[in-house]
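# Coordinate inspection notes
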Amino acid sequence: MAVKQDQAVKTLRFLGFAEALSWLLLLLIAMPLKYLAGKPLMVTYVGWFHGILFMAYIAQLVIVKFKYNLGISTVFKGFVAAFFPFGTLVFDKTLKHLGTSAVQES
């Protein structure tokens, strides 16, 4: 028996992972290029991409909130998690079983 997760939750989990990865790219690649190599353009692009992922994560959090009638404390934790490095990965543990159902394999 396989476990299937709802697409809205999958999308939120993916965006949380992507947002954390983009922060890491910003910190470990773009910032050193700016300050050590004098190439600030990478910060512009990676920072822009990171910002879009952040906004998409928050928007998807709101969608999941209404779809699953999440409590305000859970939504608040997800919102705050987006402001801390790798916070979305920590919050992912809360989402792991949300919207799951067992599916009979054929």
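Cut-offs used in this document
Sequence order sets the numbering: in each chain, residues are counted from 1 along the sequence as written. Note on the predicted model: pLDDT of at least 70 is required for a residue's local features to be given, and 80 or more for side-chain atom pairs to be given and counted; whole-chain, interface and lining totals, by contrast, use all residues. Side-chain metrics rest on all non-hydrogen atoms present in the structure, leaving aside hydrogens and water. Only buried Ala, Val, Leu, Ile, Met, Phe, Trp, Tyr and Cys residues count toward a nonpolar core, and they belong to the same one when joined by side-chain atoms within 4.5 Å. Whether a residue is buried, partly exposed or exposed follows from its accessible area with a 1.4 Å probe, protein chains only, as a fraction of its type maximum: under 20%, in between, or over 50%, in that order. Secondary structure follows DSSP: runs of H or I at least 4 residues long count as helices, runs of E at least 2 residues long count as strands, and numbering of each begins at the N terminus. Residue contacts are defined here by distance: any two heavy atoms, one from each residue, within 4.5 Å place the two residues in contact. Between N-to-C directions, angles cover 0 to 180 degrees, with each direction set by a line fitted to C-alpha atoms, over the stretch in contact for helices. If an angle is under 35 degrees, it is roughly parallel; if it is over 145, roughly antiparallel; if it lies from 65 to 115, roughly perpendicular; otherwise it is oblique. In the scheme used here, Gly and all other residues not listed as nonpolar or charged are polar, with Ala, Val, Leu, Ile, Met, Phe, Trp, Tyr, Cys and Pro taken as nonpolar and Asp, Glu, Lys and Arg as charged. Helix crossings are classified by the rotation of the near helix relative to the far one: an anticlockwise turn of less than a right angle makes the crossing left-handed, while a clockwise turn makes it right-handed. What qualifies as a polar contact is a pair of N or O atoms within 3.5 Å, subject to a donor-acceptor requirement within protein and to the restriction that residues adjacent in sequence count only when both atoms come from side chains. We count a salt bridge whenever a side-chain nitrogen from Lys or Arg sits within 4 Å of a carboxyl oxygen from Asp or Glu.

## Some details on the nonpolar core
Counting residues in hydrophobic clusters, the biggest one holds 17 residues, and the most contacted among them are Leu12, Tyr57, Val64, Phe91, Leu95 and Leu98. Of all the secondary structure elements, the ones that give two or more residues to this core are α1 (7-37), α2 (41-68), α3 (72-81) and α4 (87-95). Among residues more than four places away in sequence, those in contact with Leu12 are Tyr57, Gln60, Leu61, Val64 and Leu95.

## Looking at the packing of α2 against α3
Between α2 and α3, the shortest axis-to-axis distance is 10 Å and the interhelical angle comes to 170°. Judged by the inter-axis angle, α2 sits roughly antiparallel to α3. Of the residues in α3, those touching α2 at Tyr57, Ile58, Leu61 and Lys65 are Val75, Gly78 and Phe79. Across the contact of α2 with α3, the residue classes break down as 5 nonpolar, 1 polar and 1 charged.

## Quick word on the packing of α1 against α2
Think of two packed helices as two axes; the pair is described by the angle between the axes and how far apart they sit. At a closest axis distance of 8 Å, the pairing of α1 and α2 adopts a crossing angle of 160°. Considering their axes alone, α1 and α2 lie roughly antiparallel with respect to each other. When you trace α1 past α2, the crossing you get is left-handed. The residue inventory of the contact of α1 with α2, partitioned by class, reads 22 nonpolar, 6 polar and 3 charged.

## Some thoughts on the environment of Ala8
Considering the arrangement of structural elements, one finds Ala8 in helix α1. Placed 28 residues apart in sequence, Ala8 and Leu36 show a C-alpha to C-alpha distance of 40 Å. When sequence neighbours within four positions are dropped, the list of residues in contact with Ala8 reads Gln60, Val64 and Lys67.

## Some details on the side chain of His50
On the secondary structure map, His50 appears in helix α2. Of note is the side chain of His50, whose polar atom sits 2.6 Å from the side chain of Ser22. Contact partners of His50, with chain neighbours within four places excluded, come to Glu19, Ser22, Trp23 and Leu26.

## Looking at the pattern of salt bridges
Here the structure, examined in full by the defined rule, presents 2 salt bridges. Here Lys67 and Asp6 are joined by a salt bridge, their closest N and O atoms 3.0 Å apart. Placement of the pair is Lys67 in helix α2 and Asp6 in the loop between β1 (2-5) and α1, with a sequence separation of 61 residues. Judged by its relative accessible area of 48%, Lys67 is partly exposed. Arg13 serves as the salt-bridge partner of Asp92, at 2.7 Å between the closest nitrogen and oxygen. Remark: Arg13 occurs in helix α1 and Asp92 occurs in helix α4; sequence separation between them is 79 residues. Classification of Asp92 as buried rests on a relative accessible area of 19%.

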